[in-house]
Amino acid sequence: MKLSYVIAALEEFAPRTLQEAWDNSGLQIGLPDGSDECTGAILCVDVTEDTVAEAVERGCNLIVSHHPLIFKGLKALTGATPVQRAAMAAIRAGVAIYSAHTSLDSTVGGVSYAMAALMGARVNGVLSAADVKMIRLSVICPRTVAEDVRMVLLDGGAGAAPCAGNIESEGPTDAADSRITYSDIEGETLDAVQPDPIAGLSISHTPLTRVEAIVPAWRVAALSSAIASVPGAEDVRIETTPVGGANATVGLGVMAEYDSPVTMASFADRLKQAFKLSVIRTSLAYEPDATVRRVAFCGGAGGEFIGVAASAGADAYVTADVRYHDFCDNRSGMAIFDIGHFESEACSMAIFASILDGKIPIYISQSQKNPVKYII
């Protein structure tokens with residue numbers, strides 16, 4: 001598979017349009033036309049000289065990282081810094097580097113979603129909604145294929161979580177389908193001339209159903225293509241309408257919930273197991289016997305969303321890089337759990353693996369190391 005197709009798969013899941021303005025997600029090193037065949041990929045959080053050497057040893061010409069190797073413009077390539085040395089090693093070896101940072105943080109199914117999944121919590125919204133253009137996708141199709149069309153929309157991520165401006169549903173109302181609705185269209189049919197062995201020709205009247213979902217604009221083309229491939233949906237009509245309001249599925253951090261509350265001590269134990277932690281920093285609000293039902297998660301440095309998580313009614317907030325004064329200012333109420341930056345984002349490698357599995361050979365980096373050591 002060509003590198004361009006690998007990048008397309010990564011960006012279909014985590015479009016660069018979702019990254020923060022200060023970020024540098026995307027192709028870091030490599031030819032922009034992506035014409036080279038991809039021999040395999042090393043998946044990692046951070047790119048180092050060791051990661052490049054590992055790629056060469058395994059015969060891979062691509063590294064996919066969460067953190068960009070190049071955040072700011074390089075003024076020289078002299079090998080004076082670790083970043084320069086890693087970049088020079090990659091260029092010499094012909095190894096491309098692609099990074100999905102805040103684009104992976106903000107997308108549906110991204111880092112914070114994965115954190116919640118590791119903890120067995122159900123996501124029901126985001127902490128900081130992204131400013132993304134949303135589209136109401138209306139599919140007018142034969143009633144017989146309406147359910148298949150709805151499933152295509154679900155598989156494409158349209159039903160991942162509730163969205164502001166939801167259409168009143170005349171169809172399924174369970175939580176997973178909260179952004180997808182369908183309703184029969186009265187008085188409108190798809191008419192076709194059919195051969196009749198007795199009468200010669202006859203007109204068939206196929207009743208129609210409207211299936212609707214609110215989706216990010218960047219998903220419209222792929223969803224439309226998938227819908228067109230549904231057997232019996234050859235004559236569907238697709239209409240698109242811009243929708244205002246916040247998008248509650250795309251953005252930084254997520255809100256999640258347990259069906260049954262757990263004790264805070266039990267929650268802390270789950271954190272240690274799920275994220276392979278030897279130590280957790282927590283706030284004075286931590287009480288072993290207190291109950292946890294609503295939880296906020298944010299991979300990486302999420303201190304800026306402490307107030308948002310508390311206002312959303314979270315009993316606990318799991319993130320990293322929390323400042324001393326943030327702990328000081330939040331001594332009661334919601335408990336804060338700082339699990340470490342690397343630890344909170346290590347799940348990015350599993351996300352990359354799920355995107356690329358079956359497309360190219362993939363390897364989780366064995367040379368990468370958490371740059372932070374803990375003395376217990």
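Reading guide: rules and limits
Residues numbered from 1 in each chain as written. Predicted model: local features only at pLDDT ≥ 70, side-chain atom pairs only at ≥ 80, totals over all residues. Heavy atoms only, no water. Phe/Tyr/Trp six-rings, centres within 6.5 Å; stacked < 30°, edge-to-face > 60°. Buried < 20%, exposed > 50% of the residue type's maximum accessible area, 1.4 Å probe, protein only. Helix = DSSP H or I, 4+ residues; strand = E, 2+ residues; numbered from the N terminus. Pairing = 2+ DSSP bridges. Contact = heavy atoms within 4.5 Å. Axes fitted to C-alpha atoms, helices over the stretch in contact; angles between N-to-C directions. Core = buried A, V, L, I, M, F, W, Y, C linked by side-chain atoms within 4.5 Å. Salt bridge = Lys/Arg side-chain N within 4 Å of Asp/Glu carboxyl O. Patch = residues over 30% accessible without salt bridge, like charges linked within 9 Å, V, L, I, M, F, W, Y side chains within 5 Å. Areas by Shrake-Rupley, 256 points an atom, 1.4 Å probe, with all protein chains shown as cover.

Enumeration over the complete set of coordinates arrives at 3 aromatic pairs. Ring geometry for Y258 against F267: centres 6.4 Å apart, planes inclined by 80°, an arrangement best described as edge-to-face. The class for Y258 is buried, based on a relative accessible area of 4%. Taking 6.0 Å as the distance between ring centres and 90° as the angle between the ring planes, the aromatic pair formed by Y286 and F337 counts as edge-to-face. Of the two residues, Y286 sits in the loop between β11 (281–282) and β12 (291–301) while F337 sits in strand β14 (residues 335–338), which places them 51 residues apart along the sequence. Of the residues examined, Y286 reaches a relative accessible area of 25% and is grouped as partly exposed. Classification of F337 by relative accessible area gives buried; the value is 1%. Aromatic rings pair up to connect Y258, F267, Y286 and F337 into one cluster.

So, about the sheet that holds strand β5 (residues 122–129). What the 6 strands build is an open sheet, ordered β5-β10-β12-β13-β14-β11; its pairing is mixed. Here the strands that pair on one side only, and so sit at the sheet edges, are β5 and β11. Relative to β12, helix α5 (residues 111–118) is tilted by about 140°, and along the sheet it contacts β5, β10 (251–263), β12 and β13 (316–320).

Before going further, it helps to examine the nonpolar core. Looking at soluble globular proteins, one finds that nonpolar side chains tend to be buried together. Grouped together as the largest cluster of nonpolar side chains are 55 residues, with contacts concentrated most on L62, F267, L271, F297, V318 and F337. Ranked by the residues each element gives to this core, the list is headed by helix α12 (residues 348–356), at 6 residues. Apart from residues lying up to four places away in sequence, L62 is in contact with L3, V6, C38, G40, A41, I42, V95, A96, I97 and Y98. Membership of the second largest hydrophobic core comes to 18 residues, among which are V149, V152, L153 and L223.

Following the criterion strictly, the structure yields 13 salt bridges and no others. As a salt-bridge pair, R122 and D259 come within 3.1 Å of each other at their nearest N and O atoms. In this pair, R122 is assigned in strand β5 and D259 in strand β10, connecting sequence segments 137 residues apart. Salt-bridge contacts for E239 lead to R210; the nearest nitrogen and oxygen are separated by 3.6 Å. In this pair, E239 sits in strand β9 (residues 237–243) while R210 sits in strand β8 (residues 200–216), placing the two residues 29 residues apart along the sequence. For R210, a relative accessible area of 25% gives the class partly exposed. In the salt-bridge network here, residues are joined through shared partners; they are R210, R237 and E239.

Taken in spatial order, the 5 strands make up an open sheet running β1-β4-β3-β2-β15, and their pairing is mixed. The sheet terminates laterally at β1 (26–29) and β15 (362–364), the two strands that pair on one side only. Neighbour-to-neighbour, the strand axes of the sheet open up by a mean angle of 25°, direction not taken into account. When β1 meets strand β4 (residues 96–99), the two strands line up antiparallel, connected through 3 bridges. Among the inter-strand pairings, L27 is bridged to a residue of β4, identified as Y98. Helix α1 (residues 3–13) contacts β1, β3 (62–65) and β4 of the sheet and is inclined by roughly 10° relative to β4. Along the sheet face, α12 touches β2 (41–44), β3 and β15 and points at about 150° away from the line of β2.

Below, the discussion takes up a nonpolar patch on the surface. Together, V279, V372, Y374 and I376 make up an exposed nonpolar region whose accessible area comes to about 380 Å². Locating Y374 in the fold gives a position in the segment after β15. Accessibility expressed as a relative area gives 38% for Y374, which makes it partly exposed.

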